[in-house]
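Examining the three-dimensional arrangement
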Amino acid sequence: MTAAAPSTSTPESPVSRPEWPVLAEVWRGDFLESVHHGSVVVLDADGAAVLAAGPVDSPMYPRSSNKPLQTVGMLRAGLDLDGELLALACASHSGEAFHLDGVRRILAGSGLTEDALRCTAALPIGADAQPAHLAAGLGPSRITMNCSGKHAAMLATCVAAGWTVDDYLDPGHPLQLALRDALEDLAGEKSTAVGVDGCGAPLFALTLTGLARAFARIAAAADGTHEKRVAKAMNTHPEYVGGTGRDVTTLMRALPGVVAKDGAEGVYALARPDGSAVALKIADGAQRPRPVVMTAALRHLGVDVDSDPRLAALTEAPVLGHGEPVGAVRPSAVLAAAPRQALGTVPQQV
């Protein structure tokens, strides 16, 4: 029997295209050792592109940067969470004790236990949480998987809506159809591909520009909306979105009202309360240049990343030699920009 030809219906991935510019350079001393290609879009408060480098209008998988969008969809479907538990629904958490306690609280609120989780079993991803977990003689589990907050919230949404829970990861389940509708609404575009994320949940493709638009809608949402609930929860409780020492948590602590979410394969998205936004993807999927590229992109929105030590620490990533810094990962000339305006004071969300 002749093997079937590969399907040609799936849109071409931008990774296979040649137009990825260099976004970050890896310097060992004064020697340029490596580069990271990627794509980045910066939108101003009116939605106009201040910077667009690479295939920003081609489909890509946002990975866990989709989570705030999915959480809006869960609220629309009947989920009733706020505060740190709603932030945890948006999280790729580090697996610290307070994260796991929060996941159990979400489940218990719907009469469920962690046995209901269908995410992939994994170790905690936190730099401190994982060694402590292993030292206690523990192995991979579903609750310590970084997406367990999202999965607990998905289950709670199913209970609230009267949907079945055993098959909540099926792309045809009412929950997943509702979440796809929410993503497409927020991004202002149709998802052109569906995959399976690392946690087992359906994964919907968007363009980087669409992802930036979606984050802008969440960050700039009016009081009383589901989007505003998500934005307030994330920025008020950034430690639940990431964890101790995580750059995504640092960004939201340093920038009042900002909504930010990291994702696997080098994806990052952020938006400010005025509706300006950044979305980026590192072509090789590397994580180390993400904060470097993000902080460089924020300069295009007038954010003074150098005046705050928390942000300044993210503008370069150390390159080590014999355990000591001997160089750095730095933004490329593509991202060079003089701030257009001072950041000023952005009021905290209330």
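Everything discussed here concerns the structure shown above.
Attention in this report is confined to the structure presented alongside it. In this text the structure is predicted, and so the values were computed from the model without any measurement.

What follows concerns the overall build of the protein. When you go through the protein residue by residue, the secondary structure sums to 12 helices and 12 strands. Relative to the 2.2 N^0.38 estimate, which gives 20 Å for 350 residues, the radius of gyration of the protein is 20 Å and therefore close to what a compact globule would have. With the C-alpha coordinates aligned to their principal axes, the bounding extent of the protein is approximately 60 × 50 × 45 Å. Across the 350 residues in the protein, those meeting the buried criterion constitute 53%. Sequence separation of at least 24 residues holds for 64% of the intrachain contacts in the protein that already meet a minimum separation of 6. Surface accessibility of the protein: about 14,200 Å² in total, with carbon and sulfur atoms responsible for 55%. In the protein, 28 side chains carry a positive charge and 37 a negative one; their mean positions are 1 Å apart.

With that out of the way, let us pick up the pairing of strand β2 (residues 31-43). In this structure, strand β1 (residues 22-28) lies alongside β2, joined through 6 bridges in antiparallel fashion. In the sheet register, Val22 faces β2, and the bridge partner there is His37. In this structure, the hairpin formed by β1 and β2 is closed by a connection of 2 residues, where Gly29 is found at a positive phi of approximately 65°. Bridging between β2 and strand β10 (residues 277-282) involves 6 bridges; their strand directions are antiparallel. Looking at β10, one finds that Leu43 is bridged to Ala277. Pairing of β2 with strand β3 (residues 49-53), which is carried by 4 bridges, proceeds in the antiparallel orientation. Within β3, the residue paired with Val42 across the bridge is Leu51. Between the end of β2 and the start of β3, which pair antiparallel, lie 5 residues, with Gly47 showing a positive phi angle near 90°.

The next subject is the packing of helix α6 (residues 174-187) against helix α7 (residues 208-219). Between α6 and α7, the least distance of the axes is 7 Å, while the angle of their chain directions is 90°. Relative to α7, the element α6 is oriented roughly perpendicular. In this structure, α6 contributes Asp185, Leu186 and Ala187 to the contact, and α7 contributes Gly210, Arg213, Ala214, Arg217 and Ile218. Looking at the contact of α6 with α7, its residues break down into 4 nonpolar, 1 polar and 3 charged.

What follows deals with the state of the cysteines. Within this structure, the stated rule accounts for 0 disulfides. Here Cys119 is not disulfide-linked; the sulfur of Cys199 is the nearest cysteine sulfur, at 7.0 Å. For the unlinked cysteine Cys158, the closest cysteine sulfur is that of Cys119, found at 14 Å.

Before going further, it helps to spend a moment on the packing of aromatic side chains. In this structure the tally under the stated criterion is 1 aromatic pair. Centre to centre, the rings of Phe98 and Tyr240 are 5.0 Å apart; their planes meet at 75°, and the pair counts as edge-to-face. Taken together, the residues Phe98 in helix α3 (residues 97-109) and Tyr240 in helix α9 (residues 238-241) connect sequence positions 142 residues apart. Over the ring of Tyr268 we find Arg290; its NZ or CZ atom is 4.5 Å from the centre of that ring.

Now for the environment of Arg118. On the secondary structure map, Arg118 appears in the loop between α3 and α4 (129-135). Distance in space between the C-alpha atoms of Arg118 and Tyr168 is 8.5 Å, their sequence separation being 50 residues. Ignoring any residue separated from it by four or fewer positions in sequence, one finds Arg118 in contact with Arg142, His151, Asp166, Tyr168, Leu169 and Cys199. A distance of 3.0 Å separates a polar side-chain atom of Arg118 from the backbone oxygen of Asp115. Among the polar contacts listed, one links the side chain of Arg118 to the backbone oxygen of Ala116, at a separation of 3.4 Å.

About the cut-offs
Residues numbered from 1 in each chain as written. Predicted model: local features only at pLDDT ≥ 70, side-chain atom pairs only at ≥ 80, totals over all residues. Heavy atoms only, no water. Helix = DSSP H or I, 4+ residues; strand = E, 2+ residues; numbered from the N terminus. Rg over C-alpha atoms; globule rule 2.2 N^0.38 Å. Buried < 20%, exposed > 50% of the residue type's maximum accessible area, 1.4 Å probe, protein only. Contact = heavy atoms within 4.5 Å. Areas by Shrake-Rupley, 256 points an atom, 1.4 Å probe, with all protein chains shown as cover. Lys, Arg positive; Asp, Glu negative; His and termini not counted. Charge placed at Lys NZ, Arg CZ, Asp CG, Glu CD. Pairing = 2+ DSSP bridges. Axes fitted to C-alpha atoms, helices over the stretch in contact; angles between N-to-C directions. Parallel < 35°, antiparallel > 145°, perpendicular 65-115°, else oblique. Nonpolar A, V, L, I, M, F, W, Y, C, P; charged D, E, K, R; others polar. Disulfide = S-S within 2.5 Å. Phe/Tyr/Trp six-rings, centres within 6.5 Å; stacked < 30°, edge-to-face > 60°. Lys NZ or Arg CZ within 6 Å of the ring centre and 35° of its normal. Polar contact = N/O pair within 3.5 Å; in protein donor to acceptor, adjacent residues only side chain to side chain.

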